[in-house]
Amino acid sequence: MRVKILGSAAGGGFPQWNCACPNCRAVRAGTFRGKARSQAQIAISADSRSWFLLGASPDLRGQIEATAELHPREGVRQSPIVGAVLANADVDHVLGLLLLRELQPLRVYAAESVRRILTEDNSMFAMLQRVPAQVTWTSFPPRTEFSLQNPAGEDSGLRCRALSLGTHYPAYVSASRQDELKLGEASLGLIVGLSSGKRLAYMPAVPQIDEALLKESEAADVLLFDGTFWSDDELIRIQGSGQTARQMGHVPVSSAEGSLVQLAGLHHPRKIYVHINNTNPMLNEAGPEYRQVREAGWEIAEDGWQFDL
Ligand SMILES: [Zn+2]
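These remarks concern the structure in this document. In every chain, residue numbers begin from 1 and rise along the written sequence. Reporting of local features is limited, given that this is a predicted model, to residues whose pLDDT is at least 70; pairs of side-chain atoms are given and counted only at 80 or more, and all residues count toward the totals for whole chains, interfaces and linings. Neither water nor hydrogens contribute to the side-chain values; these are computed over all heavy atoms in the structure.

A tally of helices and strands in the protein yields ten helices and 14 strands. Against the globule reference of 19 Å for 309 residues, the protein gives a C-alpha radius of gyration of 19 Å, in line with a compact fold. Each principal axis of the C-alpha distribution contributes one length, and for the protein these read about 55 × 45 × 40 Å. Each residue's exposure class comes from its accessible area (1.4 Å probe, protein chains only) as a fraction of the maximum for that residue type: buried when under 20%, exposed when over 50%, partly exposed otherwise. Taking all 309 residues of the protein together, 52% fall into the buried category. Summarising the internal contacts of the protein: among those between residues at least 6 apart in sequence, 67% fall at separations of at least 24. Computed with a 1.4 Å probe, the accessible areas rest on the Shrake-Rupley method; for each residue, only the protein chains presented here act as cover. Surface accessibility of the protein: about 13600 Å² in total, with carbon and sulfur atoms responsible for 49%. For the protein, the distance from the average position of its 30 positive side-chain charges to the average position of its 34 negative side-chain charges is 4 Å. Only DSSP runs of H or I covering at least 4 residues are called helices, and only runs of E covering at least 2 are called strands; the numbering of each starts at the N terminus. Each radius of gyration is computed over the set of C-alpha atoms, and the globule rule expresses the reference value as 2.2 Å times the number of residues to the power 0.38. Any pair of residues with heavy atoms lying within 4.5 Å of one another is described as a contacting pair. Charge convention: Lys and Arg are scored as positive, Asp and Glu as negative, and His as well as the terminal groups of each chain are ignored. Lysine's charge is taken at NZ, arginine's at CZ, aspartate's at CG and glutamate's at CD.

In structure tokens, the structure reads:
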């Protein structure tokens, strides 16, 4: 399986359009020791010809253009992207589906609750249903492994299993709708790989670390883990108000309860932080936070990385 990290930032990207935090200002000034990043997006393939997206980022158009493997093949108006697997209904995670609305057949895998939010409550997603067999929605329950198929139903060889990580639905989902949804389908981690091969764990939004998560993480060969915030009060300190990292569904990287300490005992997986918010000081390669993370054996994902599993 080939894995491509098309985007590695949290929602808003880096720099973010309305942000003048020290990181964003330094990137714009050209003085930042580190990389700009687009919003989190992963692509996987068993054969490097047909690709599945994990999520569908608002930056997908630019990410596709920056990735030769995802360009339409010569003479054919047909993308190598055959489907997507959704981990939640966050705007930053699903908006890219609307960019894929050119009547290209796609198969979109989503938990039933997420599918209902998008197709029953948000009429704009009807653009994905203008002709029969445009987007084939396929629901999956958490914890059950399923195979990834192209829109024609051909098996890619890739397998996926979802873990329930969070119970909060996006703020745009009405209270009455939320009452009808399953809490365990709100925010998922995705475990993907070939049936006989190694496993990638993609966990971009982790509200808390428990024994089950530690076990799944240790069993993975590559762990792409929530690196959104360095500290719990990061946004409050920068904005003067707002929510903590945990209230937003993200365990911070630092502190005794943070992921750096809590996941220190993992020895099997290659550990990579992804979904990094523009305010996170570990983006600054000249800073002590970056050094601390690297010395602890973690990598910090950058747009354009790829690896084979
Ligand atoms: Zn910023």
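In space, the seven strands of this open sheet follow the order S7-S8-S9-S10-S11-S12-S13, with mixed pairing throughout. Only two strands of the sheet have a single neighbouring strand rather than two, namely strand S7 (146-149) and strand S13 (299-300). Where strand S11 (residues 222-226) and strand S12 (residues 270-274) come together, five bridges link them in parallel fashion. In the sheet register, Asp226 faces S12, and the bridge partner there is Val274. At least two DSSP bridges between two strands are needed for those strands to be called paired.

Attention now goes to the nonpolar core. Counting residues in each nonpolar core, the largest one holds 60 residues, and the members touching the most others are Ile44, Leu97 and Leu200. Excluding its chain neighbours within four sequence positions, the residues that come into contact with Leu97 are Ala56, Ala84, Leu86, Val108, Leu118, Phe125, Leu128 and Trp137. If you look at the next biggest cluster of nonpolar residues, it comprises 31 residues, including Leu165, Ile209, Trp230 and Leu283. Take the buried Ala, Val, Leu, Ile, Met, Phe, Trp, Tyr and Cys residues and link them wherever side-chain atoms come within 4.5 Å; each set so joined is a nonpolar core.

A grouping of Val91, Leu95 and Tyr172 is seen on the molecular surface, where their side chains present a nonpolar patch of about 240 Å² in accessible area. By secondary structure assignment, the location of Val91 is in helix H3 (residues 91-94). A patch is a set of surface residues, each over 30% in relative accessible area and not in a salt bridge, joined within 9 Å for like charges and within 5 Å for the nonpolar side chains Val, Leu, Ile, Met, Phe, Trp and Tyr. Here a salt bridge means any side-chain nitrogen of Lys or Arg lying within 4 Å of a carboxyl oxygen belonging to Asp or Glu.

A word on the packing of aromatic side chains. The relation between two aromatic rings is expressed through the spacing of the ring centres and the mutual angle of the planes. Classification of ring pairs rests on two measures: the distance between centres of Phe, Tyr or Trp rings, Trp counted by its six-membered ring, which must be within 6.5 Å, and the angle between planes, read as stacked under 30 degrees, edge-to-face over 60 and tilted in between. Applying the stated rule across the entire model yields five aromatic pairs. Members of the aromatic cluster, connected to one another through ring pairs, are Tyr109, Phe140 and Phe146. In this structure, Arg270 is placed above the aromatic ring of Phe307, and the distance from its NZ or CZ to the ring centre is 5.2 Å. A positively charged side chain is recorded as over a ring if its NZ (Lys) or CZ (Arg) lies within 6 Å of the ring centre. The angle to the ring normal must also be within 35 degrees.

For the zinc ion, the protein coordination sphere consists of Cys19 (SG), Cys21 (SG), Cys24 (SG) and Asn278 (OD1), at 2.1 to 2.3 Å. For Na, K and Ca the donor cutoff is 3.2 Å, while for all other metals N, O and S atoms must lie within 2.8 Å; water is not among the atoms, so some sites may look incomplete. Within one chain, the residues serving as donors to the zinc ion are arranged as C-x1-C-x2-C-x253-N. Separated by 257 residues along the polypeptide, Cys21 in the loop between strand S1 (2-7) and helix H1 (22-29) and Asn278 in the loop between S12 and helix H10 (288-295) bring together distant segments of the chain. Of the two residues, Cys21 and Asn278, both sit in the buried class.

Here the focus is the environment of Ser164. Inspection of the secondary structure puts Ser164 in strand S8 (residues 155-166). The class of Ser164 is partly exposed, set by a relative accessible area of 34%. Each C-alpha atom of the pair Ser164 and Leu213 lies 9.6 Å from the other, and the pair is 49 residues apart in sequence. Apart from the residues lying within four places of it in its own chain, the contact partners of Ser164 are Pro142, Arg143, Gly184, Ser187 and Leu188. Whenever a nitrogen or oxygen atom comes within 3.5 Å of another N or O atom, the pair is scored as a polar contact, on the condition that within protein one atom can donate a hydrogen and the other can accept it, and that pairs from neighbouring residues in sequence are kept only if both atoms are in side chains. Here the side chain of Ser164 touches Gly184 through a polar contact of 2.6 Å, landing on its backbone oxygen.

So, on to the pattern of salt bridges. Applying the stated criterion across every chain yields a total of 15 salt bridges. Note that Arg177 and Glu120 form a salt bridge whose closest N and O atoms lie 3.1 Å from each other. With Arg177 in helix H6 (residues 175-180) and Glu120 in helix H5 (residues 112-121), this pair connects stretches of sequence that are 57 residues apart. Classification of Arg177 by relative accessible area gives buried; the value is 10%. Arg199 serves as the salt-bridge partner of Glu145, at 3.5 Å between the closest nitrogen and oxygen. Within this pair, whereas Glu145 is found in the loop between strand S6 (135-139) and S7, its partner Arg199 is found in strand S10 (residues 199-203), the two being separated by 54 residues in sequence. By sharing partners, the salt bridges in this structure join Glu112, Arg115, Arg116, Glu120, Asp121, Arg177 and Glu180 into a single network.

Within the secondary structure layout, Leu98 lies in helix H4 (residues 96-99). Along the primary structure Leu98 and Arg61 are separated by 37 residues, whereas in three dimensions their C-alpha atoms are 11 Å apart. Contacts of Leu98, omitting those with residues within four sequence positions, involve Met124 and Phe125.

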